[in-house]
Amino acid sequence: MANRHLEPDTPELRARWDTFAFNSAWDAKAKAAIARYPDGRQKSAVMALLDYAQRQVGEETNTQGWLPIPVMEYVAAYLDMPVIRVVEVASFYTMYNLAPVGRFHVQVCGTTPCMLRGSDDIMAACKARGMHKGHTTEDGLWMLTEVECMGNCASAPMVQINDDNFEDLTADRLNAVLDALAKGETPKAGTQEPGRHTVEPLGGPTTLKDMVSANHDYRGEW
Amino acid sequence: MPKLTVDGIELEVPQGATVLQACELAGKEIPRFCYHERLSIAGNCRMCLVEVKPGPPKPQASCALPAAEGQEIRTDSEMVRKAREGVMEFLLINHPLDCPICDQGGECDLQDQSVAYGRGSSRYHEPKRAVTEKYMGPLIKTVMTRCIQCTRCVRFSEEIAGVDEIGALYRGENMQITTYLERAATHELSANVIDLCPVGALTSRPYAFEARPWELKKTLGIDVSDAVGANIRIDSRGREVLRALPRINDDVNEEWISDKARYQVDGLTKRRLDKVWIRNKAGKLEAASWDEAFKVIAKAKPGKSVAAIAGDLVDCETMFAAKALLRAMGSKLLEGRQTGMDYDVSSLAAVNFNSGLAGIETADAILIVGSHVRWEAPLVNARLRKAAKNGAKLFIVGPEWETTFPATFLGADVAVLDKLPAEVAAAMEGAERPAIILGGAGLARGALGPLLALAANWKLVRDGWNGFNVLHMAASRMGGLMLGYAQKGGIADIVKAKPAVLLALGADEVDYDQFAGSLKVYIGHHGDKGAHAADIILPAAAYTEKDGTYVNTEGRVQFAEKAVFAPGDAREDWTILRALADALKVDVGFDSFDELQALIVADVPALGVEGLADYGALPAGGGSASGEIAYPIKDFYLTNPIARASAVMQRCSAELLHGEDLAEAAE
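For clarity, every value in this text was computed on a predicted model and none was experimentally measured.

(A) Seen up close, the side chain of T219 of chain B. For T219 of chain B, the location among the structural elements is in strand 10 (residues 217-222). Among all residues touching T219 of chain B, those that are not within four sequence positions of it are I232, R233, I234, E561, K562 and A563 of chain B.

Structure below.
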């Protein structure tokens, strides 16, 4: 995620977000996050609070959520810490969005295992629906980014959409997922391969077969 | 006390030392960028790699590795040489090759270290990273593409200055140093990051493209912008002072100076008095010769009726020369407290910063009365922050100001000293090293007596510790008091005496309306308030243009050297007073600077020895005080005639204090 940048601090941004405050649900979570740390160490909760703030912004704007500057200032004041330290954290982690995003943030993994398993098709399918890397579609529904390895190589290729991973994709399967999301449904997260549950080998175990039914001591066979 | 060997040299290092410090103790030079003695350890530049046994078979960052018993450290092995070359090559990958147009050139750590430890050629052919410019205010010029992300500036503003405004945004290759939303850095020590920056990313904006370090004459000077007496190096070329930089003196300024000390020097070439002026009958100033001016003064036939008022910036030699002149004429009307303060100076120990500037760091409970320390002495403020970080409790009597450390404000009225809250008394009584800091605003409200009584109550003077401190604002104050520049009733006594001739030695804060009947002779260097009111103006030398002795607020006698000549007809102050003595036909007893200094030492021996003067024991106090405290400094950047003449200080004042949005000049 190169080229991240803070959304400029404009009067319009201030007018929209200066009044931001946690609603009661997020406020309770924020207090719980702070309570996990000793007195005077409330700053340690900054990452949780930024996440909650981003989610509340998402609820308010019906998007994945992002962090406008006034919201970061609110979090800084909430935790009694300098704003620049909050911005440092928010700009370091790519999961915090620094600029407005769409309803669904489609993060396509393009690292080698996914690429070998067809991530180019996935990317093409996304682009066929009108998405551009780094941009939100005009209907405000999709935002596309290409990311590096998300750690799902055993079920490549994959995309991450907001909080869920969708794995073992083909262009058709991705389209099914995206259609469901667009309709407001909640498609099944994880692998999209019929019959597969997580990342177990397709067609049964290929190694350590004797371990399937009972514990087996392989040491004598080495 | 671990024993270890560095390149075969056996030595013992203090407990808690790092490997880098151990190498330095052994006399080995370790290249570094992010490590700085006065900042926390970051360990992110990797330039200080050394080989350490026992340990993993790879080079280790010596700045962040504690020295331990039995270590064998090598700084000269093949592995270390290659590691340094590798790190340097990585650093230079994204560093532009713009040394010819970089102001850091010639005093650049990266330049020096790449010559000493680098490969000598580059293998990198790909495009380099570029970073957009960041605005950091009127003093700091940024070229962030040159930044090597050592984070010294971030650590300085967080740890020393106590104002979190610089940070490192984004990550990895995209990491960028910036102030929050690119607002100007607004604390009083901000420009020190320029010295800290090991490359040319943060350079001095007013000094941009002015000179190269090797063309400058370096003179050891003393700063006069406040009473701390920071040690500075005055860099000049020809007749112009181009910049002032801090010198290291752990007892006074460590290695920082305030922005005012650093940037008021451009005021030395503006609004200067470089001619003799006499006010004619119509009330207009007319250029004249020295002889004419002296004749007018002689014609006033002052006899004994002559007085001298010393300004805030003058050196002891000037003050003594005037004192000698007045003594020869039979007058003792000397005063230096221009704004009319009349605190008791029968014991100088009572008006001295007794704990010492370095000592105040070790205090564990501090009561500040009537001092806006951040503006009156930014370097003392940095020390107070250190004390607070070490756990000291601080209480402040006076209107609230933005502290850089946790402190409790007790109210603006000094009457609170009579009924201090129980927590203050408990903290001061329970402290091992309690301290009081009394500022000028407190002195003006008569808080000296009550605080001396409190000092006795709380036993501020104990074994190896004297916690009673007065923080002055004028560089000339302690020297003036040692030379007797104080009347019992302050300046009111001089007004009452109605002197025929009033010598104003660079005095710009005096209300001259009080002296309507006197012939006002202004001996000074800037066309400021004093010159405005004067009948005769004799152009003199500023602090960079004369040798001089200064005494800072802790009673430390320091000598400054002359960097450049005064402009035009201006002369060194003492020579003017010597010539005036001839015109008035009196004998002052000196014909040269050396003779003058010998007379000073005969008069006040302490002024002849560099170091802390001894003022004896603290007197007893008593009485009570009341009244709202009002800090005298309304604008940190414009406190003296030099700063008021300085375009840089004016811009700082307008932009940083009054929030004016100044358009940047097109380059």
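That was the structure; now back to the text.
(B) The layout of surface pockets, seen in detail. Residue and element names in this part refer to chain B. The volume enclosed by the largest pocket comes to roughly 930 Å³. Looking at the largest pocket, it is lined by 35 residues, and the ones nearest its centre are E107, D109, D195, L196 and E255. Residue assignment for the lining of the largest pocket shows that the elements contributing at least two residues are helix 3 (109-117), helix 5 (192-196), strand 9 (202-204), strand 12 (240-246) and helix 6 (259-263).

(C) Local environment of the packing of aromatic side chains. Residues and elements named next belong to chain A. With the rule as written, the count across this model stands at 17 aromatic pairs over all chains. Aromatic side chains F22 and Y74 sit 5.4 Å apart centroid to centroid with 75 degrees between the ring planes, which places their arrangement in the edge-to-face category. Of this pair, F22 sits in the loop between helix 1 (11-17) and helix 2 (24-35) while Y74 sits in helix 4 (residues 69-79), and the two are 52 residues apart along the sequence. What links up through ring pairs into an aromatic cluster is the set W17, F20, F22, Y74 and Y78.

(D) Quick look at the nonpolar core. One finds L367, L503 and L538 of chain B to be the most contacted residues of the largest nonpolar core, which totals 209 residues. Among the elements that make up this core, the one with the highest residue count is helix 8 (residues 316-329) of chain B (9 residues). Beyond its immediate stretch of four places on either side in the chain, L503 of chain B contacts V306, A307, A308, I309, L325, L326, V521, I523, L577 and L580 of chain B. By size, the runner-up hydrophobic cluster in this structure holds 35 residues, among which are V46, L50, L79 and V89 of chain A.

(E) Just the sheet that holds strand 10 of chain B, in detail. All names here are of chain B. On the basis of which strands lie adjacent, the open sheet formed by 3 strands has the order 10-11-12 and antiparallel pairing. Strands with a single pairing partner mark the edges of an open sheet, and in this sheet they are strand 10 and strand 12. Within this sheet the neighbouring strands show an average axis-to-axis angle of 30 degrees, counted without direction.

(F) Expanded view of the interface of chain A and chain B. If you look at the interface, chain A gives 19 residues, while chain B gives 16 residues. Both faces considered, chain A and chain B share a buried interface measuring about 1300 Å² in area, 60% of it formed by carbon and sulfur atoms. Area buried by chain A at its contact with chain B is led by I84, R85 and F92 of chain A, which between them contribute 39% of it. The tally of links between chain A and chain B comes to 2 salt bridges. With a shortest N-O distance of 3.2 Å, E158 of chain B and R85 of chain A are connected by a salt bridge. Scanning the region where chain A abuts chain B turns up 8 residue pairs in polar contact (both at pLDDT 80 or more). Counting only elements with at least two residues in the side of chain A that touches chain B, the list comes to helix 4 and helix 5 (83-92) of chain A.

(G) Summary view of the sheet that holds strand 5 (residues 72-74) of chain B. All names here are of chain B. Reading across the sheet, the 5 strands line up as 2-1-5-3-4 and stay open at both edges, with mixed pairing between neighbours. Each having just a single partner strand, strand 2 (9-12) and strand 4 (60-61) make up the two edges of the open sheet. Inspection of the sheet shows strand 1 (residues 3-6) paired to strand 5 by 2 bridges, in the parallel sense. Residue pairing for strand 5: T5 is matched across the bridge by E72. The strands that helix 2 (residues 78-93) touches are strand 3 (49-53) and strand 5; relative to strand 3, the one it contacts most, it runs at about 150 degrees.

(H) Quick look at the environment of D251 of chain B. All names here are of chain B. Considering the arrangement of structural elements, one finds D251 in the loop between strand 12 and helix 6. Separated by 305 residues in the primary sequence, D251 and R556 have C-alpha atoms spaced 9.6 Å apart. The contacts of D251, once residues within four sequence positions are left out, are L357, A358, R383, E554 and R556.

(I) Structural view of empty space enclosed by the protein. Residues and elements named next belong to chain B. For the structure shown, the criterion picks out 5 cavities of 30 Å³ or more. In this structure, the largest cavity encloses a volume near 90 Å³. Residues that form the lining of the largest cavity fall into these classes: 13 nonpolar, 2 polar and 1 charged. If you add up the space inside the second largest cavity, you get close to 60 Å³. Residue contributions to the lining of the second largest cavity peak at 3 residues, all from helix 10 (residues 378-389). Of the residues contributing to the lining of the second largest cavity, the split by class is 6 nonpolar, 3 polar and 2 charged.

(J) Structural detail: the packing of helix 7 (residues 290-299) of chain B against helix 17 (residues 573-583) of chain B. All names here are of chain B. Taken N-terminus to C-terminus, the directions of helix 7 and helix 17 make an angle of 55 degrees; their axes are 9 Å apart at the nearest point. Relative to helix 17, the element helix 7 lies oblique. The hand of the helix 7/helix 17 crossing is right-handed. Here W290, F294, I297 and A298 of helix 7 come into contact with helix 17, specifically with I576, A579, L580 and A583.

(K) Structural view of the packing of helix 8 of chain B against helix 18 (residues 593-603) of chain B. Residue and element names in this part refer to chain B. Relative orientation of the contacting elements helix 8 and helix 18 amounts to 80 degrees, with a least axis distance of 10 Å. Looking at the two axes, helix 8 sits roughly perpendicular to helix 18. For the pair helix 8 and helix 18, the contacting residues are C316, E317, F320, A321, K323 and R327 in the first and F593, L596, Q597, L599, I600 and D603 in the second. Class assignment of the residues belonging to the contact of helix 8 with helix 18 gives a composition of 7 nonpolar, 1 polar and 4 charged.

(L) Helix 3 of chain B, seen in detail. Along helix 3 of chain B, the positions that sit buried rather than exposed are L110, Q113 and Y117 of chain B. Along helix 3 of chain B, the residues classed as buried sweep out an arc of 70 degrees about the axis, all on the same side.

(M) Quick look at the pairing of strand 28 (residues 556-560) of chain B. Residue and element names in this part refer to chain B. With 4 of 5 residues buried, strand 28 lies mostly within the body of the structure. Looking at chain direction, strand 27 (residues 548-551) and strand 28 are connected through 4 bridges and run antiparallel. The partner of V551 across the bridge, within strand 28, is V557. As paired elements, strand 28 and strand 29 (residues 611-612) share 2 bridges and run antiparallel to each other. Bridge assignment links V557 to a residue of strand 29, and that residue is G611.

(N) Looking closely at the pairing of strand 14 (residues 285-288) of chain B. All names here are of chain B. For strand 13 (residues 276-279) and strand 14, the ladder comprises 4 bridges, and the chain directions are antiparallel. Bridge pairing links V276 to A288 in strand 14. Two successive antiparallel strands, strand 13 and strand 14, enclose a turn made up of 5 residues, where G283 displays a positive phi of approximately 90 degrees.

(O) Focus on the state of the cysteines. For the coordinates displayed, the defined rule picks out 0 disulfides over all chains. Cysteine C126 of chain A is unpaired, with the sulfur of C114 of chain A as its nearest cysteine sulfur at 12 Å. Of the cysteine sulfurs around C48 of chain B, a residue in no disulfide, the closest is that of C63 of chain B, at 3.7 Å. The buried category is assigned to C48 of chain B, whose relative accessible area is 2%.

(P) The arrangement of the side chain of E188 of chain B in detail. Residues and elements named next belong to chain B. In this structure, E188 sits in the loop between strand 8 (176-179) and helix 5. Separated by 2.8 Å, the side chains of E188 and R374 make a polar contact. The contact partners of E188, leaving out residues within four places of it in the chain, are S258, D259, R374, W375, P378 and F636.

(Q) Representation of the confidence of the model for chain B within the structure. Mean pLDDT over chain B works out to 93, with 99% of the residues at or above the 70 mark. Interface predicted TM-score (ipTM) for the complex: 0.86; the corresponding pTM is 0.90.

(R) Seen up close, unusual backbone geometry. Here the amide bond leading from A156 of chain A into P157 of chain A is cis, since omega sits at -5 degrees, within 30 degrees of zero. In this structure, P157 of chain A sits in the loop between strand 2 (142-147) and strand 3 (159-161). At the junction of K53 of chain B and P54 of chain B, the peptide bond is cis and its omega measures out at 0 degrees in the coordinates. On the secondary structure map, P54 of chain B appears in the loop between strand 3 and strand 4. Here R46 of chain B, not a glycine, exhibits a phi torsion of approximately 65 degrees, which is positive. You can see R46 of chain B is positioned in the loop between helix 1 (19-25) and strand 3. Overall, R46 of chain B belongs to the partly exposed group, its relative accessible area being 39%.

The rules behind these values
Residues numbered from 1 in each chain as written. Chains lettered and ligands numbered in written order. Predicted model: local features only at pLDDT ≥ 70, side-chain atom pairs only at ≥ 80, totals over all residues. Heavy atoms only, no water. Helix = DSSP H or I, 4+ residues; strand = E, 2+ residues; numbered from the N terminus. Contact = heavy atoms within 4.5 Å. 1 Å grid on protein atoms, 1.4 Å probe; cavity = no way out; pocket = protein on both sides within 12 Å on 5 of 7 lines; lining within 4 Å. Points joined across faces, edges and corners; volume = space filled by probe spheres on them. Phe/Tyr/Trp six-rings, centres within 6.5 Å; stacked < 30°, edge-to-face > 60°. Core = buried A, V, L, I, M, F, W, Y, C linked by side-chain atoms within 4.5 Å. Buried < 20%, exposed > 50% of the residue type's maximum accessible area, 1.4 Å probe, protein only. Pairing = 2+ DSSP bridges. Axes fitted to C-alpha atoms, helices over the stretch in contact; angles between N-to-C directions. Buried area = accessible area lost by both parts, 1.4 Å probe. Salt bridge = Lys/Arg side-chain N within 4 Å of Asp/Glu carboxyl O. Polar contact = N/O pair within 3.5 Å; in protein donor to acceptor, adjacent residues only side chain to side chain. Nonpolar A, V, L, I, M, F, W, Y, C, P; charged D, E, K, R; others polar. Parallel < 35°, antiparallel > 145°, perpendicular 65-115°, else oblique. Left-handed = near helix turned anticlockwise from the far one by under 90°. Arc of directions from axis to C-beta. Disulfide = S-S within 2.5 Å. pLDDT = per-residue confidence, 0-100.

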